[in-house]
Amino acid sequence: MFLPTTREEMNELGWDKLDIILVAGDTYLDTSFNGTAVIGKVLYSEGYKVGIIAQPDVTNSVDITRLGEPKLFWAVSAGCVDSMVANYTALRKKRRKDDFTPGGENNRRPDRATIVYTNLIKSNFKESLIVLGGIEASLRRIVHYDFWSNKLRKPVIFDAKADILSYGMGEKSMVQLAKAIEKGESYKDIRGLCYIDKEKKDGYSELPSFDECVNDKDKFVEAFNLFYKNNDSITAKGLVQKIDTRYLIQNPPSENLTTEELDKVYDIEYERDVHPYYKKDGEVKALETIKYSITTHRGCYGECNFCAIAVHQGRRIIERSEKSIIDEAKNLTEIKGFKGYISDVGGPTANMYGIECDKKKEKGACVDKRCLFPTSCKALKPSHKKYTNLLQRISNIPKVKKVFVASGIRYDMILDDKKDGDAFLEEIVKNHVSGQMKIAPEHATDKVLNVMGKQGKSLLVNFRDKFNKLNKKLGKNQFLTYYFIAAHPGCNEQDMLELKDFTMKELNLNPEQVQVFTPTPSTYSTLMYYTEMNPFTNKKIFVEKDLKKKEKQKERLTIRKKLKK
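All values derive from a computational prediction rather than experimental measurement.

## A look at a negative patch on the surface
Together, Asp 211, Glu 212, Asp 216 and Asp 218 line one region of the surface with negative charge. Within the secondary structure, Asp 211 is located in helix α9 (residues 210-215).

Quick look at the structure:
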């Protein structure tokens, strides 16, 4: 079933009043790829009456008031993407299209949607409790650099004047919060929550204050380092940060879901479609890629410095059971319109499924080193056998013609897997690629790769050779598609010229998939962008901040030149 988004649907269910209303910057896609739908369905499965208002008109009160006032709280999310990233390019140009809006026109999501929606609710329901969630709130939960205003901003819970913020994967914290409020109990010790208080919390580590961060970039670096190191549910301490005369209180992260608990989330029945109330306004492009896709796991230990997944989903792989995944694949074959093709079976990094460090599972992520940088940790011991078998089992399900892997693949992990890596790559090349296999080297000068937190270009060349050799062996005419980043901190125009030379001579291509670096909140690359310092070496680095020169870096790589035959 769809969760109700109109009063008529509430009446059909016999509901006079909702317990919780979710407000979202995306349209209502009832799918496990939509965090609002997931939280809504999890709360509903716990017995709560839940409704959703997607992309409300913020110019009047009609949309936001149509379901009335909830008994427990409002839960606000900007959507699957930070609203400023959704609305603007890295060159600060307004985006015309929005894949999460019916009809595709970018005219439904306000800038800083978390703040705007909260203010809209407060103007109509002054006494309501408001909880922030989603990636925008999660990554803006402490003092952070905001690229679009080019300044440090306070935690979004302060700017929005909300009551509570749920960060990371919110299933546990939101259910625990609902139960606490329902019983009239305190929520202030629930893991995975932030709130505002007049006093510090005993035993919590204190980050440099907002004023200190604004006045001293070294203090901001100190704050971010402490924040980043306290994101593991096993090792993290609670944090406090003074904002003017009050304090942000960040409780330790929610405990990770077990495989059984994650299965339960994904075993919920989702409609895999847009709610009819919104569907009448046009097609939703995002649905094309997720309608027939399957999530295998959460988390990523790649820790690329420009990526926030480690802060939002965590550095530990939390995977579903093979049975849960197979059951979902079987259910896909029964959906009306299914033509035999599964678009993706993966996660943030597809080939991390089934691969995790035993030490990390027991003691938490290492504080002083990373799993894959500067070289792969010997404790990881990657084996792609489990993921290979999973893909083969799904491929053998009746009515399934082909299973694609569209999620990102770490080629360094394939090369590290001396026992099963070659067999996995052959399985991918033979059965799960649609003409082109997408990989993300991001750059090819070791200086820039080091700042990005990625291994050197020699691995890319080795992988390219393996891929081409396999294609020749299998009689396939398939290619690698490479994703690159321009204007990342540490990257200058000369670095882009060297990258162009590398792509011409080594890869024999004119790159097309090139994006200009966007400084999004809560990444080390954004920290470098703002401070112009490398926090790992404490040395000054070059940062291109001129928009025209950023675009020129991109043009240095995308300009078409004659290739060798």
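## Focus on helix α19 (residues 421-431)
Residues Gly 421, Phe 424, Leu 425, Glu 427, Ile 428 and Val 429 constitute the buried set of α19. In this structure, the buried side of α19 is in contact with α17 (385-395), α18 (411-416), β20 (436-442) and α21 (458-474).

## Side note on the sheet that holds strand β22 (residues 514-516)
Overall, parallel pairing links the 3 strands, which are arranged β20-β21-β22 in an open sheet. Two strands close off the open sheet at either side, each with one partner strand: β20 and β22. The mean inter-strand angle of the sheet, taken between neighbouring strand axes irrespective of direction, is 20°. Pairing of β20 with strand β21 (residues 479-486), which is carried by 5 bridges, proceeds in the parallel orientation. In the sheet register, Met 437 faces β21, and the bridge partner there is Leu 480.

## Examining the packing of helix α10 (residues 217-229) against helix α23 (residues 524-531)
The contact between α10 and α23 brings their axes to 11 Å, and the two run at 175°. Taken together, the axes of α10 and α23 lie roughly antiparallel to each other. Residue-level inspection shows Lys 217, Phe 220, Val 221, Phe 224, Asn 225 and Tyr 228 of α10 in contact with α23, the latter providing Tyr 524, Leu 527, Tyr 530 and Thr 531. Residue composition of the contact of α10 with α23, grouped by class: 7 nonpolar, 2 polar and 1 charged.

## Quick notes on the packing of aromatic side chains
For the structure on display, the rule yields 22 aromatic pairs. For the pair Phe 220 and Tyr 530, a centre-to-centre distance of 5.5 Å together with 90° between the ring planes defines the contact as edge-to-face. With Phe 220 in helix α10 and Tyr 530 in helix α23, this pair connects stretches of sequence that are 310 residues apart. Note on accessibility: Phe 220 and Tyr 530 belong to one class, buried. Aromatic pair Phe 224 and Tyr 228: ring centres 6.1 Å apart, planes at 35°, arrangement tilted. Placement of the pair is Phe 224 and Tyr 228 together in helix α10, with a separation of 4 residues, close to one helical turn. An identical accessibility class is assigned to Phe 224 and Tyr 228; each is buried. Each member of the aromatic cluster is reached from another via a ring pair, and the members are Tyr 145, Phe 147, Trp 148, Phe 220, Phe 517, Tyr 529 and Tyr 530.

## Here's the deal with helix α2 (residues 35-45)
Burial analysis of α2 places 8 of its 11 residues in the buried class, the great majority of the element. For α2, every residue scored as buried is listed here: Thr 36, Ala 37, Val 38, Ile 39, Gly 40, Lys 41, Val 42 and Leu 43. The N-terminus of α2 is capped by Asn 34, whose side-chain oxygen sits 3.1 Å from the backbone nitrogen of Thr 36. One or two steps after α2, the chain reaches Gly 47, where phi turns positive at roughly 100°.

## Some details on the nonpolar core
Membership of the largest hydrophobic core comes to 118 residues, with the highest contact counts inside it found for Trp 74, Leu 132, Ile 342, Ile 394, Met 437 and Phe 463. Counting 47 residues, the second largest nonpolar core, distinct from the first, contains Val 38, Phe 100, Ile 164 and Met 174.

## Quick notes on the sheet that holds strand β8 (residues 164-166)
Taken in spatial order, the 9 strands make up an open sheet running β3-β1-β4-β5-β8-β9-β12-β11-β10, and their pairing is mixed. Of all strands in the sheet, those bounded by a partner on one side alone are β3 (50-54) and β10 (205-207). Taking each pair of neighbouring strands and ignoring which way they run, the sheet shows an average axis angle of 25°. Bridge analysis of strand β4 (residues 73-77) against strand β5 (residues 130-133) gives 4 bridges, and the strand direction is parallel.

## Observations concerning the environment of Thr 375
Structurally, the position occupied by Thr 375 is in the loop between α16 (358-363) and α17. We classify Thr 375 as exposed; its relative accessible area is 53%.

## Quick look at the pairing of strand β1 (residues 20-24)
In terms of residue burial, β1 counts as a mostly covered element, since 5 of its 5 residues are buried. Here β1 shows two buried faces, one formed by Ile 20, Leu 22 and Ala 24 and the other by Ile 21 and Val 23. Examined bridge by bridge, β1 and β4 share 5 bridges and lie parallel to one another. Bridge assignment links Ile 21 to a residue of β4, and that residue is Trp 74. When β1 meets β3, the two strands line up parallel, connected through 5 bridges. Bridged to Leu 22 within β3 is Ile 52.

Scoring rules and cut-offs
Residues numbered from 1 in each chain as written. Predicted model: local features only at pLDDT ≥ 70, side-chain atom pairs only at ≥ 80, totals over all residues. Heavy atoms only, no water. Patch = residues over 30% accessible without salt bridge, like charges linked within 9 Å, V, L, I, M, F, W, Y side chains within 5 Å. Areas by Shrake-Rupley, 256 points an atom, 1.4 Å probe, with all protein chains shown as cover. Salt bridge = Lys/Arg side-chain N within 4 Å of Asp/Glu carboxyl O. Lys, Arg positive; Asp, Glu negative; His and termini not counted. Charge placed at Lys NZ, Arg CZ, Asp CG, Glu CD. Helix = DSSP H or I, 4+ residues; strand = E, 2+ residues; numbered from the N terminus. Buried < 20%, exposed > 50% of the residue type's maximum accessible area, 1.4 Å probe, protein only. Contact = heavy atoms within 4.5 Å. Pairing = 2+ DSSP bridges. Axes fitted to C-alpha atoms, helices over the stretch in contact; angles between N-to-C directions. Parallel < 35°, antiparallel > 145°, perpendicular 65-115°, else oblique. Nonpolar A, V, L, I, M, F, W, Y, C, P; charged D, E, K, R; others polar. Phe/Tyr/Trp six-rings, centres within 6.5 Å; stacked < 30°, edge-to-face > 60°. Polar contact = N/O pair within 3.5 Å; in protein donor to acceptor, adjacent residues only side chain to side chain. Core = buried A, V, L, I, M, F, W, Y, C linked by side-chain atoms within 4.5 Å.

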